[in-house]
Amino acid sequence: MPFEVLGRRPVAVARAMLAALRVQLGALCWSLAPFLLSLPGWRWVSAPSAPAGPRCEEKEEGDTSPTPTSVNYHFTRQCNYKCGFCFHTAKTSFVLPLEEAKRGLLMLKEAGMEKINFSGGEPFLQDRGEFVGKLVQFCKQELKLPSVSIVSNGSLVRERWFKKYGEYLDILAISCDSFDEDVNVLIGRGQGKKNHVENLHKLRQWCREYAVAFKINSVINRFNVEEDMNEQIKALNPVRWKVFQCLLIEGENTGEEALREAEKFVISDEEFEQFLNRHEGVSCLVPESNQKMRDSYLILDEYMRFLNCRNGRKEPSKSILDVGVEAAIKRSGFDEVMFLKRGGKYVWSKADMRLDW
């Protein structure tokens, strides 16, 4: 280009040249994407100026975004139980198409995810368990994640599911808040003539037969805080017994917009400690108070938005499918230090557990 033209319009010409260069770089990113995404430090994100088109971007040194080492993906809010303290209620019936869910999981793997936990709602409600089964298989077989787990109430799990997908699942966590069936009914885990505790033992046996690590989750609340569960937990012998303190979340189980009224389930910190002291002899006990729980989980909702619970309600980020993992996770409120402090990173691959099935 002649120097006299540059002299008359240096800024305009420079901008034009920069714009042309960006177009060429964009085309180059498209052609090199499969190669670049296989390299450390590169990721795929949506360009803010062109939502439909991706761009390649290199991570800067000193990036302070937390790593999504362990992610809880609540892909559905629908459930067949009505637990009174539930803090992820059926406010929508939306579920991502399977391929979109897989795309998001791939993005999380590229961002550093090692463990995925599928939850709900009730994850086995969607397509009779086929949806979560296909996601479990994809994460273990294609993404090769060290740990793939599911949290379920267990009422819809069938042996045929284990036969088809059990080899891809590391941990099955079953929610059980009481070993008194009348208490389960009071809490909202009753379902006609079905017995929640009897079903729990059946699931425990299937986990043994199909080499899936068995875990129990219990929410300690006003109706079960005086219960002694030592004998039953030791008999079931789960790899972990996660014991949560009943937690209030504005808009979910408390407040005007909530679908639940969980205030009557709340217990004090002192009462929670008394329950823990009563069960201190259970070696697999993993206690989680409200303080530990609120900021130390990466929760992904049905739209693949991270949910920030720091202010006592769930404030969603933009979807990782729209803005990328790094931009979304900055809005997650995730406390990586608390995650490690509460023991969020543990031996979570069944290949490393060396269990006597």
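So, how was this worked out
- Residues numbered from 1 in each chain as written.
- Predicted model: local features only at pLDDT ≥ 70, side-chain atom pairs only at ≥ 80, totals over all residues.
- Heavy atoms only, no water.
- Helix = DSSP H or I, 4+ residues; strand = E, 2+ residues; numbered from the N terminus.
- Buried < 20%, exposed > 50% of the residue type's maximum accessible area, 1.4 Å probe, protein only.
- Contact = heavy atoms within 4.5 Å.
- Areas by Shrake-Rupley, 256 points an atom, 1.4 Å probe, with all protein chains shown as cover.
- Lys, Arg positive; Asp, Glu negative; His and termini not counted.
- Salt bridge = Lys/Arg side-chain N within 4 Å of Asp/Glu carboxyl O.
- Core = buried A, V, L, I, M, F, W, Y, C linked by side-chain atoms within 4.5 Å.
- Patch = residues over 30% accessible without salt bridge, like charges linked within 9 Å, V, L, I, M, F, W, Y side chains within 5 Å.
- Charge placed at Lys NZ, Arg CZ, Asp CG, Glu CD.

Caption draft 1: Structural detail: the overall build of the protein. Secondary structure summary: the protein contains 14 helices and 12 strands in total. When each of the 357 residues of the protein is scored for burial, the buried share is 50%. Considering only residue pairs separated by 6 or more positions, the protein has 72% of its internal contacts joining residues 24 or more positions apart. Accessible surface, the protein as shown: approximately 18000 Å² in total, 52% of it carbon and sulfur.

Caption draft 2: Here's a closer look at the side chain of Lys215. Its place among the elements puts Lys215 in strand 7 (residues 213–220). An unpaired buried charge is present at Lys215: no salt bridge exists, and Glu288, the closest side chain of opposite charge, is 7.2 Å distant. Residues in contact with Lys215, not counting those within four places in the same chain, are Ile171, Leu172, Ala173, Ile174, Pro238, Val239, Arg240, Lys242 and Tyr346.

Caption draft 3: Spatial organisation of the nonpolar core. Residues Tyr73, Leu105, Ile116, Phe118 and Trp241 are the most contacted members of the largest nonpolar core, which totals 66 residues. In contact with Ile116, not counting residues within four places along its chain, are Val71, Tyr73, Leu105, Cys139, Leu145, Ser147, Val148 and Ser149. Ranked by size, the runner-up nonpolar core spans 17 residues in total, among them Cys83, Cys246, Ile249 and Tyr297.

Caption draft 4: Main features of a negative patch on the surface. Together, Glu250, Glu256, Glu261 and Glu263 make up a region of like negative charge exposed at the surface. By secondary structure assignment, the location of Glu263 is in the loop between strand 8 (240–245) and helix 9 (269–278). Judged by relative accessible area, which is 41%, Glu263 ranks as partly exposed.

Caption draft 5: Region of the structure containing a positive patch on the surface. Side chains of Arg128, Arg158, Arg160, Lys194 and Lys202 sit close together on the surface and give a patch of like positive charge. Within the secondary structure, Lys202 is located in helix 7 (residues 196–209). Overall, the relative accessible area of 39% leaves Lys202 in the partly exposed class.

Caption draft 6: Expanded view of the pattern of salt bridges. Here the structure, examined in full by the defined rule, presents 14 salt bridges. Asp177 serves as the salt-bridge partner of Arg189, at 2.6 Å between the closest nitrogen and oxygen. Linking Arg189 in the loop between helix 6 (181–187) and helix 7 with Asp177 in the loop between strand 6 (171–175) and helix 6, this pair joins segments that are 12 residues apart in sequence. Like Asp177, Arg189 is buried. Salt bridges sharing common partners tie together Arg77, Glu252 and Glu302.

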